[in-house]
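# Per-entry structural report
Chain by chain, the residues:
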Amino acid sequence: DRRQRQMCIRDRLWKTKWNDSTLPSRRDFDILDFRNWLGKIAIVRLDYEPFEVRFVLWGTELTEWWGVDYTNKLLGEEALSPGLWKSIEGKYLFEMSKDPFIGLLDGQLEQYNKPHQNIVSVDLPLWDGEKLSHVLMFHERMKVGEQFNTIFANHPGKILQLEGGI
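So, here is what we can say about the structure in this document. A quick note: this is a predicted structure, and the numbers were derived from the prediction, not measured.

## Regarding the nonpolar core
Formed by 24 residues in total, the largest nonpolar core has its most connected members in Phe55, Trp66, Leu93 and Val135. Only strand E1 (41–47), strand E2 (52–58), helix H2 (60–66), helix H3 (82–98) and strand E6 (132–141) provide two or more residues apiece to this core. Top contributing element to this core by residue count: H3, with 4 residues. Not counting the four nearest positions on each side in its chain, valine 135 is found in contact with Ala42, Ile43, Val44, Leu46, Leu93, Met96, Asp123 and Leu124. Judged by nonpolar contacts, the second largest core, of 13 residues, contains Trp37, Val56, Ile102 and Leu104.

## Observations concerning empty space enclosed by the protein
A water-sized probe, rolled over the atoms, reveals where empty space remains. In the structure shown here, the tally under the stated rule is 1 cavity of 30 Å³ or more. Its volume calculated, the largest cavity comes out at about 90 Å³. Lining the largest cavity we find 11 residues, and of these Trp66, Trp85, Glu89, Leu105 and His139 sit closest to its centre. Elements with a contribution of two residues or more to the lining of the largest cavity: E2, H3, strand E5 (114–127) and E6. Considering only residue class, the lining of the largest cavity consists of 7 nonpolar, 2 polar and 2 charged.

## Describing a nonpolar patch on the surface
Side chains of Ile31, Leu32 and Leu38 sit close together on the surface and give an oily, nonpolar patch of about 280 Å² of accessible area. Residue position: leucine 38 is located in the loop between helix H1 (2–16) and E1.

What counts and how
Residues numbered from 1 in each chain as written. Predicted model: local features only at pLDDT ≥ 70, side-chain atom pairs only at ≥ 80, totals over all residues. Heavy atoms only, no water. Core = buried A, V, L, I, M, F, W, Y, C linked by side-chain atoms within 4.5 Å. Buried < 20%, exposed > 50% of the residue type's maximum accessible area, 1.4 Å probe, protein only. Helix = DSSP H or I, 4+ residues; strand = E, 2+ residues; numbered from the N terminus. Contact = heavy atoms within 4.5 Å. 1 Å grid on protein atoms, 1.4 Å probe; cavity = no way out; pocket = protein on both sides within 12 Å on 5 of 7 lines; lining within 4 Å. Points joined across faces, edges and corners; volume = space filled by probe spheres on them. Nonpolar A, V, L, I, M, F, W, Y, C, P; charged D, E, K, R; others polar. Patch = residues over 30% accessible without salt bridge, like charges linked within 9 Å, V, L, I, M, F, W, Y side chains within 5 Å. Areas by Shrake-Rupley, 256 points an atom, 1.4 Å probe, with all protein chains shown as cover. Salt bridge = Lys/Arg side-chain N within 4 Å of Asp/Glu carboxyl O.

This is how it looks when you write it as structure tokens:
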């Protein structure tokens, strides 16, 4: 399936930038590496003390799907229930910052009054030499009847399926 192949290509690209002991950093990538996914990418910056998540890039297709542009906004800032975003996705990203992993997300856009839209995401951690600094997120809108497990069959990532929507 084309979508499953695309997810694998993203992972392989990320893994080519990863040496044995260090995760890739944001500067290891050129925007042209992602030309097939432009518009569906988000990049978050993780700030510490206190822990905060800020979107430094929010793709144009994501803006269309969510109905809001999160570029330069904090996690959940434009959501109907910002606390829900912070308690679920904020916790997920905090966990990733402590012990980095490839993340897989699945959820509906209920927080944006679009529960009929199901979104999946592959989240790739990026290192700055000392700590996790950014997370590169690739999103896809699932087709009606498409199953999460079909897209991510045999994927080694950590899965978060959101009950309350994203």
